[in-house]
2 protein chains.
Amino acid sequence: MNPLIILKSISILCVILAVFMAAPAGIALYLHEALPFRAFAVTIAVTVTLSLTVNLLLRRYRAEALSTRDGFLLVTLSWLAASMIGAMPFYISGSIPLFTDAFFESISGFSTTGASILTDIESLPRSMLFWRSLTHWLGGMGIVVLTVAILPLMGIGGLQLIQAEAPGPTVDRITPRITSTAKLLWFIYIGFTVAETLLLMLGGMDLFDALTHTFGTLATGGFSTKNSGVGHFNSAYLEGVITLFMLLAGINFTLHYRMLTGRLKPLLRDTELKAYLLIFIVATVSLAYSLHGFSYKSVGDSFRYAMFQVASIMTTTGFASADYEQWPFMAQIIIFMLMFVGGCSGSTGGGIKVMRLVVMFKQALNEMKLLLHPRGIFTLKMSGRMVRKNIVYAVSGFFFLYAMALLVVTFVVSSAGHDITTSFTAALATVGNIGPAFGKLGPMKNYSFLEDYIKWVLSFAMLVGRLELYTVLVLFTPRFWRK
Amino acid sequence: MNPLIILKSISILCVILAVFMAAPAGIALYLHEALPFRAFAVTIAVTVTLSLTVNLLLRRYRAEALSTRDGFLLVTLSWLAASMIGAMPFYISGSIPLFTDAFFESISGFSTTGASILTDIESLPRSMLFWRSLTHWLGGMGIVVLTVAILPLMGIGGLQLIQAEAPGPTVDRITPRITSTAKLLWFIYIGFTVAETLLLMLGGMDLFDALTHTFGTLATGGFSTKNSGVGHFNSAYLEGVITLFMLLAGINFTLHYRMLTGRLKPLLRDTELKAYLLIFIVATVSLAYSLHGFSYKSVGDSFRYAMFQVASIMTTTGFASADYEQWPFMAQIIIFMLMFVGGCSGSTGGGIKVMRLVVMFKQALNEMKLLLHPRGIFTLKMSGRMVRKNIVYAVSGFFFLYAMALLVVTFVVSSAGHDITTSFTAALATVGNIGPAFGKLGPMKNYSFLEDYIKWVLSFAMLVGRLELYTVLVLFTPRFWRK
């Protein structure tokens, strides 16, 4: 354990965060939002001063000395530190008067969940709304860089999925060094940001709404600047653009890089991508079928709302173009089932992830073959390559932990007297980094009414879910702290 | 594939079934229940005539020639044939006027589920109620003999759990030959039956109620002869006796045999048993805590109702001594969580089963250790013995299939416009062979109002759940039917 190096690394992260906070500070200044400006300025000043002091004191230590064990702690503490700093402007400016709420909103942003405690989003100063959406964008970028560039290249199996992908496409080193991989990912991410923003503006959104919704889309976050979410704009074109980019954000970023360099072949044979698109299509058709004649008269409208909501929930974005709790129960069940899917590995999406579902599905099929041919040898292939046995282990362990996490969170939420539907889907929506749930936490409702201790547990659930359980939970094993 | 041998085997089973049907026929005769008597007599006559004819025609074929593949088909068809014959008396006598309902009730009996379509149980003739409870007892005995005696000794990994147990206690051959093992199991089962019946009669139940409730207990079935279930008797003593025997029925029957022969050591080191009892104790204390002061004033009453309901749900019996839907939500969530547990392997209990949960739990822990020591080798032990890797595979495949089965059934139920809670817990209660669910299917409600197609799908779900998914689902793979 190298606590000082970890501290130093986090201090660097904090400085980067403070630099990004200059953007909403600038907006506050430009729009003459006095209290928000002061809050951003104070947060930036304190963060930079503290971080630079720490850095100066620890200048002798070099980040290269980090061990695997340090990696887990660093990643978890980074997300916590970011969320803490991110909460400051909300709290100091009084935009969110309670610290519990401010922290909840901030970790919901950085974990790209999108669960909100705001009862009237539109009443917030615009600079605060911008910062709120920016936390999504930063969190989304963070997770992609971490899962695709840093951890695999450092050989840290922290986010379990990396192990699961080891033989698959993700760990094909895009370029030999972390920095250049990260740079490429930034390039793609910023490219998508510019593209979506422009397309949204073409559809009539102003720059502010276009940017903030782009942040929420690409991070598969789901914070909107409107009380009724994307439904506010009531535009099939805008919903179409957002659907497209939600789907893109849910795809492994390694594949985007390849696509940009014109290598289409690996794309076509990528098992996870095929399964991801198949789920999207099947779910959209089923949902449109269940909506047609009930919630919407025309086939076109049924498909419009189905497509958007399927993409939103399965990628764990959580945007809403309609209140799905008003839909027929069969439609609601489809939404509920999609909450168990999640994006692709190496994307900004959360949840269980398509890769794991495919591995488990193929494993179940292999078991059936084994029953018929007990002496047969059946390999498990993904994208044409054999998946090693230990990856199947890692995936099944993950499944079990995920189920346990859901049950524990459900239990805690219900302890305050909330009904089964609310409690269970609250667990699904936070551990899976989705945002909206069912019952008292539907897409047109919010998390504000929950008891303080539940907000803290759900905050923790968002963090644990975002870092794919193992990274955080391993810190709670005695073995981790043993010499 | 040897369809004729399979047919012959089933015909033998049908004759055995007809012999047992003589009991309710006798009761009908004794109580002068004319229509029921005629229905039993017709069913017995037709079944015996047909079966003996088939047997005579196929007298050249010997059951020993059965292949593994035949085994899967035979087991599935046996349960279907029994359910079909079992439904006849209900339908012919007019006690259950619709065939869909009669079949649902029968397969619910033989699969030891205990889900009922009866709106007024007490209005049924007593001979019919006896037969209804007897289907539980026969189904329970069937599954124990199958999982503990027949399949493992034949080397058929049909019920996946047997593979999972291969290194554990179950497949320790109690005696070298199937017949003698089966005889011992019958002996234990009948011993328990006599003991519970006597103890219930000591508590004031008449012979009829004592026997029928014993059938429902030992099979972890849950059919009662009273509209308000076990709550009807409102006796802490009777509930205590039933709790004890539900717990006993949920334990691996191999352990019972050992206990009878005075070998207590394997009992004390049995990992599954320890986990089973631990879950029971933790759940009972939590449930009592959540009930105390809300549903019941005294600590004693809280424990009384908690203990009974925990045993009932976790062993997948489904008896109710109270309407748990009237309890606080936290208490309901505990019940909901217990629906994911199930009995021990080699017991009459259904569900996921404690053995599998323990394997997955230990696997998840091992994965965390691996993250910290990537080159370490961590074995998975159960009851002091190492569990082979391929068992972990089988268990993870099972988990995934179970989740899929739940989602598919949920989807079908919701397609008729039922809410999420009803749909999802209906899936849990049928695939897990529990019986009562939540929402429109609570413990004081019934399945009668459901649409016909849903009743058939749930009937299938009970069968698939009882035979632990693989056995039935493997029949739907093209590979099974390939030469």
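For every chain, the first residue of the written sequence is number 1, and numbering continues from 1 onward in sequence order. Chains carry letters from A onward and ligands carry numbers from 1 onward, assigned in written order. Whole-chain, interface and lining totals are the exception, using all residues; otherwise, since this is a predicted model, local features are given only for residues with pLDDT of at least 70 and side-chain atom pairs are given and counted only at 80 or more. Think of the side-chain values as coming from all heavy atoms in the structure, minus any hydrogens and water.

What follows deals with the overall build of chain A. A count of helical and extended segments in chain A gives 20 helices and two strands. To get the radius of gyration, use the C-alpha atoms; to get the globule rule, take the number of residues to the power 0.38 and multiply by 2.2 Å. Scaling as 2.2 N^0.38, a compact globule of 483 residues should have a C-alpha radius of gyration of about 23 Å, and chain A matches this with 22 Å. Projected onto its principal axes, the C-alpha positions of chain A cover 70 × 60 × 50 Å. Only protein chains enter the accessibility calculation, which uses a 1.4 Å probe; a residue is then buried when its area is under 20% of its type maximum, exposed when over 50%, and partly exposed in between. Counting every position in chain A, which comprises 483 residues, the buried fraction comes to 63%. Contacts are assigned to residue pairs with any non-hydrogen atoms lying within 4.5 Å of each other. If you take every contact in chain A between residues at least 6 apart in sequence, the share linking residues at least 24 apart comes to 71%. Total accessible area on chain A is roughly 17600 Å²; 69% of this is exposed by carbon and sulfur atoms. Computed over 35 positive and 23 negative side-chain charges, the separation of the two mean positions in chain A equals 15 Å. Under the scheme used here, helices are H or I runs from DSSP no shorter than 4 residues and strands are E runs no shorter than 2 residues, and both carry numbers assigned from the N terminus. Note on areas: Shrake-Rupley with a 1.4 Å probe; residue coverage comes only from the protein chains shown. Counted as positive: Lys and Arg. Counted as negative: Asp and Glu, with His and the chain ends omitted from the count. A charged residue contributes its charge at one atom only: NZ of Lys, CZ of Arg, CG of Asp or CD of Glu.

Right, let's talk about the nonpolar core for a bit. Only buried residues count toward a nonpolar core. Its members are Ala, Val, Leu, Ile, Met, Phe, Trp, Tyr and Cys residues joined through side-chain atoms within 4.5 Å. With 317 residues, the main nonpolar core has Leu287, Trp327 and Tyr447 of chain A together with Leu287, Trp327 and Tyr447 of chain B as its most contacted residues. If we ignore the near neighbours within four places in the chain, the residues touching Trp327 of chain B are Leu287, Leu291, Ser295, Tyr296, Tyr305, Gln309, Ala322, Gln332 and Ile335 of chain B.

To continue, consider the relation of the copies chain A and chain B. For the pair chain A and chain B, the best superposition has an RMSD of 0.0 Å and corresponds to a rotation of 180° with a translation of 0.0 Å parallel to the axis. Both copies are brought into coincidence by an operation consistent with a two-fold rotation axis. The C-alpha atom lying nearest the rotation axis in chain A is that of Ser396 of chain A; the distance is 2.8 Å. Most of the interface of chain A is mirrored in chain B: 100% of its interface residues are interface residues there too. When the copies are overlaid, the least-squares fit takes in C-alpha atoms only where the residue has pLDDT of at least 70 in both copies.

Right, let's get into the packing of aromatic side chains. In this description, a pair of aromatic rings is defined by centroid distance and the angle of the planes. Stacked, edge-to-face and tilted are the three classes for Phe, Tyr and Trp ring pairs, Trp counted by its six-membered ring, which pair at centre distances within 6.5 Å; planes under 30 degrees apart are stacked, over 60 edge-to-face, the rest tilted. Tallied over the entire structure, the rule returns 58 aromatic pairs over all chains. Where Phe398 of chain B meets Tyr402 of chain B, the ring centres are 5.6 Å apart and the plane angle is 35°; that geometry is what we call tilted. Remark: Tyr402 of chain B and Phe398 of chain B occur in helix H16 (residues 389-415); sequence separation between them is four residues, near one turn of the helix. Residue Phe398 of chain B is classed as buried on the basis of its relative accessible area, which comes to 1%. As a reminder, the over-ring test applies to NZ of lysine and CZ of arginine, requiring each to be within 6 Å of the ring centre and within 35 degrees of the ring normal. Directly above the ring of Phe208 of chain A sits Arg126 of chain A, whose terminal nitrogen or CZ lies 4.1 Å from the centroid. When the ring centre of Tyr393 of chain A is taken as origin, the NZ or CZ atom of Lys389 of chain B, which lies over that ring, is 4.3 Å away.

Time to look at the packing of helix H14 (residues 329-338) of chain A against helix H17 (residues 420-431) of chain B. The axes are straight lines fitted to the C-alpha atoms, using for helices just the contacting stretch, and the angles between their N-to-C directions are given from 0 to 180°. Taken N-terminus to C-terminus, the directions of H14 of chain A and H17 of chain B make an angle of 60°; their axes are 10 Å apart at the nearest point. As for the relative orientation of H14 of chain A and H17 of chain B, their crossing is right-handed in sense. Here Phe329, Gln332, Ile333 and Phe336 of chain A of H14 of chain A come into contact with H17 of chain B, specifically with Ile420, Ser423 and Phe424 of chain B. Gly is put with the polar residues, along with every residue not named as nonpolar or charged; the nonpolar set is Ala, Val, Leu, Ile, Met, Phe, Trp, Tyr, Cys and Pro, and the charged set is Asp, Glu, Lys and Arg. In the contact of H14 of chain A with H17 of chain B, the residues fall into five nonpolar, two polar and no charged. Crossing handedness is read from the near helix: turned anticlockwise from the far helix by less than a right angle, it gives a left-handed crossing, and turned clockwise, a right-handed one.

Residue and element names in this part refer to chain A. Here helix H7 (residues 178-202) crosses helix H10 (residues 253-260) at 80°, and the two axes come no closer than 10 Å. Classified by the angle their axes make, H7 and H10 are roughly perpendicular. For the pair H7 and H10, the contacting residues are Leu184, Leu185, Ile188, Tyr189 and Phe192 in the first and Phe253, His256, Tyr257 and Leu260 in the second. Residue composition of the contact of H7 with H10, by class: eight nonpolar, one polar and no charged. An angle below 35 degrees is treated as roughly parallel, one above 145 as roughly antiparallel, one from 65 to 115 as roughly perpendicular, and anything else as oblique.

Quick look at the environment of Leu428 of chain B now. Residue and element names in this part refer to chain B. Tracing the chain through its elements places Leu428 in helix H17. The class of Leu428 is buried, set by a relative accessible area of 0%. Ignoring any residue separated from it by four or fewer positions in sequence, one finds Leu428 in contact with Phe336, Met339, Phe340, Leu406, Asn433 and Ile434.

In this complex, chain A contributes 56 residues to the contact, which on the side of chain B involves 56 residues. When the two sides are added together, the surface that chain A and chain B hide from each other amounts to roughly 5100 Å², 80% of it contributed by carbon and sulfur. When residues of chain A are sorted by the area they lose upon contact with chain B, Leu371, Tyr393 and Ile420 of chain A head the list and together hold 16% of the total. Take a side-chain nitrogen of Lys or Arg and a carboxyl oxygen of Asp or Glu: if they are within 4 Å of each other, that pair is a salt bridge. In this structure, the connection of chain A to chain B is made through zero salt bridges. Here a polar contact is recorded for every N or O atom pair within 3.5 Å, except that within protein the pair must consist of a potential hydrogen donor and a potential acceptor, and residues adjacent in sequence are included only if both atoms are side-chain atoms. Joining chain A to chain B, the criterion identifies three residue pairs in polar contact (both at pLDDT 80 or more). Counting residues per element, the ones that place at least two in the side of chain A that touches chain B are helix H3 (68-93), helix H6 (160-165), H14, helix H15 (354-372), helix H16 (389-414), helix H17 (420-431), helix H19 (470-473) and helix H20 (478-481) of chain A. Take the side of chain A that touches chain B: its biggest share by element is 14 residues, from H16 of chain A. Grouping the constituent residues of the side of chain A that touches chain B by class yields 31 nonpolar, 19 polar and six charged. The term buried area means the drop in 1.4 Å probe accessible area that two parts suffer when joined, counted for both and summed.

Here we come to helix H13 (residues 299-314) of chain A. Residue pairs three or four apart in sequence face the same way in an α-helix, which turns once every 3.6 residues. Residue and element names in this part refer to chain A. Between its first and last C-alpha atoms H13 spans 22 Å; for 16 residues at 1.5 Å apiece the expected length is 22 Å, and the two agree. Listing the buried residues of H13 in full gives Ser302, Arg304, Tyr305, Ala306, Phe308, Gln309, Val310, Ala311, Ser312, Ile313 and Met314. The inward-facing, buried residues of H13 contact helix H9 (236-249), helix H12 (271-291) and H14. For a helix, the expected span equals 1.5 Å multiplied by the number of residues minus one.

A separate point is a nonpolar patch on the surface. Residues and elements named next belong to chain A. In this scheme, patches are assembled from residues that exceed 30% relative accessible area and form no salt bridge. Like charges are connected within 9 Å, while nonpolar side chains (Val, Leu, Ile, Met, Phe, Trp, Tyr) are connected within 5 Å. Residues Leu277, Ile281, Val285, Val299, Phe303 and Met307 make up a contiguous nonpolar surface patch of about 480 Å² in total accessible area. For the nonpolar patch, the secondary-structure elements that each account for two or more residues are H12 and H13. When you line up the elements, Val285 lands in helix H12. Residue Val285 is classed as partly exposed on the basis of its relative accessible area of 44%.

The subject of this paragraph is unusual backbone geometry. All names here are of chain B. We note that Thr112 has phi near 55°; this positive angle belongs to a residue other than glycine. You can see Thr112 is positioned in the loop between helix H4 (99-110) and helix H5 (126-154). In this structure, Thr316 takes a positive phi of about 65° despite not being glycine.

This part covers the side chain of Thr112 of chain B. On the accessibility criterion, Thr112 of chain B (0% relative accessible area) is buried. At a separation of 3.4 Å, a polar atom in the side chain of Thr112 of chain B contacts the main-chain carbonyl oxygen of Ala219 of chain B.

With 26 residues, H16 of chain A should reach 38 Å at 1.5 Å per residue; the first-to-last C-alpha distance of 38 Å fits that figure. The element H16 of chain A is extensively covered by neighbouring structure, given that 20 of its 26 residues are classed as buried.

Inspection of the entire model under this criterion finds 16 salt bridges over all chains. Where Glu468 of chain A meets Arg356 of chain A, a salt bridge forms, and the shortest distance between an N and an O atom there is 2.7 Å. Here Arg356 of chain A lies in helix H15 and Glu468 of chain A lies in the loop between helix H18 (452-466) and H19, a separation of 112 residues in the sequence. Per residue, the accessibility class of Glu468 of chain A equals that of Arg356 of chain A, and both read buried. Salt-bridge contacts for Asp206 of chain B lead to Arg126 of chain B; the nearest nitrogen and oxygen are separated by 3.9 Å. One end of the pair, Asp206 of chain B, is in the loop between helix H7 (178-202) and helix H8 (207-218); the other, Arg126 of chain B, is in helix H5, with 80 residues separating them in the sequence. You can call Arg126 of chain B partly exposed: its relative accessible area is 35%. One continuous salt-bridge network, built from bridges that share partners, spans Lys353, Arg356 and Glu468 of chain A.

Residue and element names in this part refer to chain A. A residue's pLDDT is simply how confident the predictor is in it, with values from 0 to 100. In this model, chain A carries a mean pLDDT of 90, and residues with pLDDT of at least 70 account for 94%. Note on residues 157-175: pLDDT is under 50 here. Beyond four places in sequence and across chains, it has 72 contacts. The complex model carries a pTM of 0.91, and its ipTM stands at 0.87.

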